[in-house]
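# Residue-level structure breakdown
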Amino acid sequence: MNEIVAQFAEEAGVSEEEIRDRWRGRPDRIAEDLFRVKDLDTGEVRDLTLFRPYQPKIMHAYFYGDASTLNIYKGRRIGVSFIIIVCEAIDGLINPNSFFPIVSSKEEQAQARIRDLKILFENAKIEIPFAKTPTQSEIVLWNGTRYKAYTGNPEGARGDDSAKTVFIDEMAFLEDQEATSRAFSPFVSLGTQGLMVEVSTPLAKNDLFMRNHARGTETGYDENCNKIGTISIKQPSFANADEIDVEVSLLEQEVIPVRPDLNIEKVEEDRVKDPQGFAQEYLCRPIDDSYRFFNEESVVRAQERSQAPDYQFGLYTPKLPGVMRTMGVDIGIDHDDTVVTVFDHLGEKRDQRYLEKITNDVLAEAGVPNPDRGNAVHVAHRIAQIYSAMGVDYVILDKTGPGETFQRIIEEKLGRGVIGFNFSDKDAVNEMMGDMNAALRNDNVTLLKDEEMYDQFLSIVKEQKHDGQKPRYSGKDHSESGKDDVAMACVLGAFPPGLSVEPAREMVTRDPAPIGGEGVVAPYGTEAFEEQEKQPADPPPAKVAYGSRGVSRGTRRSYTPRYARRRSRF
């Protein structure tokens, strides 16, 4: 420490004693005096300025707290993980030959913390030499202090030295919190002053991270002054977190961010996509393992918009210039349904133009002898008909499980405009669900008025599993039909992941399949039918519905007076 004081005193042009007096008991002053950071807006290097009061409070808990565990239950985007890195930087300078494991669920996230350290040391106001060239995963200082990145894999925790501090970043998102905690606990138990730092936004109500948080207090002692061993700090992203209404725009109510440079407009985007998730991640409110995702009022408004007299929908709805038209297809086998929906994309607007459940009756009417909705060739035939009639630009096709077979056959019929999507890609599902929710709440989506669609949208639940790091969306356990295929097809057609611009080139296609059943008499697999499929049929006169279901097939369900639905393609 004396060497650090001497260097900084010389740099600042003051006496060493003055620096010792200034720094005594004030790690926040050490941080602001020694370190510089890059400005996020300009990229210029500037002096580090802590956000008060919460960042100095965390630093004091780190250096002076009488506990073996520091648990910080935090809101998003407020720099808690970064301030722990600042603490470890100071700790490593003061205490030579210390070891600091940095643990995260993803390797790149742990490496990002190593990168933060490297930037701090390289831009410090005093010279902080490296013993060797830093790597993505490790930094070794001239005084023997070492920082190393780890994933949460317990196997990777073996064979290293005892640690001064183990930092577990975003602990709630580890695949197995208990196993990781057991694996890294020996790092700190070997020493007399080892510290385990657990930092995370919440994921599940009763996982290890939240249980540890509930066990601790802000002082590390209980009301009877008995030592607990865990200091717990709860820090939402807003000082007035308890007063914020998650159903009202942040731009229309008073909000006090704890970090003055917090981008409220960006946070508002997160809120509108998932208000309950916003309350969980930014406001540190009690969380449930699952909750209904879509807002009922927004779904009702979206369906009412399609009842306007000038709203056009149906199989022969003309496509206006500048519009990208996509078809979403959710493939269903056995109990599930295969559902086709078509949306027009224009800027932020998504207008549903068509909806159909492909049943055996639908296939028969489409001209398929001996129809079988589980037959990929039969389904591809009907999809090709809809594609041809509506001038679809892209077909977004569910390729999960048996959908892979359907995708291959449909690609053979339609060409390169078919894009496969796997619903096991939870990151992409989370993105498109959030986009759909935000667009509904902002009145940017129009949906056809159908009771089953309504029921399935309001049955979608976002589940936060205890043992998983990514949410799951499903409506099968809550919908009247025990299915969610209609809702999933709509989300897929309205917000296909990675497809947000108008197509740059024409879709390469084969000859369109015939429309209607008249004249399709040869069975599948015969040369006569295959030849017949190659000949485009003359389509019937264009039929555009204005405020009514002109292309209705009828429905099996009765409608309640409150949410009466006109007859749909089902």
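Description of the structure in this document. Quantities reported herein were computed from a predicted structural model and do not represent experimental measurements.

Moving on, we come to the packing of aromatic side chains. Scanning the entire structure with this criterion turns up 13 aromatic pairs. Here Phe8 and Trp23 contribute two aromatic rings whose centre-to-centre distance is 5.4 Å and whose plane-to-plane angle is 35°, an arrangement assigned as tilted. Taken as a pair, Phe8 in helix 1 (residues 2-12) and Trp23 in helix 2 (residues 16-23) lie far apart in primary sequence, 15 residues in all. When its relative accessible area of 8% is taken as the criterion, Phe8 is described as buried. On the accessibility criterion, Trp23 (4% relative accessible area) is buried. When the centroid spacing of 6.4 Å and the interplanar angle of 70° are considered together, the rings of Phe121 and Phe130 count as edge-to-face. Given a relative accessible area of 2%, Phe121 falls into the buried group.

Attention now goes to the pattern of salt bridges. Across all of its chains, the model carries 40 salt bridges by this definition. For Asp270, the salt bridge identified is with Arg76, shortest N-O distance 3.8 Å. Here the residue Asp270 occupies a position in helix 9 (residues 264-273), and Arg76 occupies one in the loop between strand 3 (69-74) and helix 5 (80-94), the gap between them amounting to 194 residues. Exposure remark for Asp270: the relative accessible area of 18% places this residue in the buried category. Since its relative accessible area comes to 27%, Arg76 is described here as partly exposed. One salt bridge connects Arg441 with Glu247, and the closest N-O pair in it is separated by 2.9 Å.

All right, on to the sheet that holds strand 8 (residues 195-200) then. An order of 5-6-4-7-8-3-9 is seen for the seven strands of this open sheet, with the pairing classed as mixed. Edge positions in the sheet fall to strand 5 (138-140) and strand 9 (230-235), since each has one partner strand and no second. For this sheet, the mean angle separating the axes of adjacent strands, direction not counted, is 15°. In this structure, strand 3 lies alongside strand 8, joined through five bridges in parallel fashion. Counterpart to Leu70 in the pairing with strand 8 is Val197.

Looking now at the pairing of strand 15 (residues 394-398). Of all five residues making up strand 15, five are buried, and the element is well covered by its neighbours. Side chains Tyr394, Ile396 and Asp398 of strand 15 all project onto a buried face; the interleaved residues Val395 and Leu397 project onto the opposite face, where all are buried too. Pairing geometry for strand 12 (residues 324-330) and strand 15, over four bridges, is parallel. Across the sheet, the residue bridging to Met327 is Val395, located in strand 15. Where strand 15 and strand 16 (residues 418-421) come together, four bridges link them in parallel fashion. Note on strand 16: the bridge partner recorded for Val395 is Val418.

This part is about the nonpolar core. In this structure, Leu34, Phe35, Leu70, Val86, Leu117 and Phe121 are the most contacted members of the largest nonpolar core, which totals 53 residues. Per element, the largest residue contribution to this core is nine residues, and it comes from helix 5. Setting aside residues no more than four positions away along its own chain, Leu70 makes contact with Ala61, Tyr62, Leu195, Met196, Val197, Glu198, Ile231 and Ile233. Formed by 41 residues, the second largest nonpolar core is a distinct cluster that contains Met433, Tyr473, Ala487 and Ala494.

Calculation rules
- Residues numbered from 1 in each chain as written.
- Predicted model: local features only at pLDDT ≥ 70, side-chain atom pairs only at ≥ 80, totals over all residues.
- Heavy atoms only, no water.
- Phe/Tyr/Trp six-rings, centres within 6.5 Å; stacked < 30°, edge-to-face > 60°.
- Helix = DSSP H or I, 4+ residues; strand = E, 2+ residues; numbered from the N terminus.
- Buried < 20%, exposed > 50% of the residue type's maximum accessible area, 1.4 Å probe, protein only.
- Salt bridge = Lys/Arg side-chain N within 4 Å of Asp/Glu carboxyl O.
- Pairing = 2+ DSSP bridges.
- Axes fitted to C-alpha atoms, helices over the stretch in contact; angles between N-to-C directions.
- Core = buried A, V, L, I, M, F, W, Y, C linked by side-chain atoms within 4.5 Å.
- Contact = heavy atoms within 4.5 Å.

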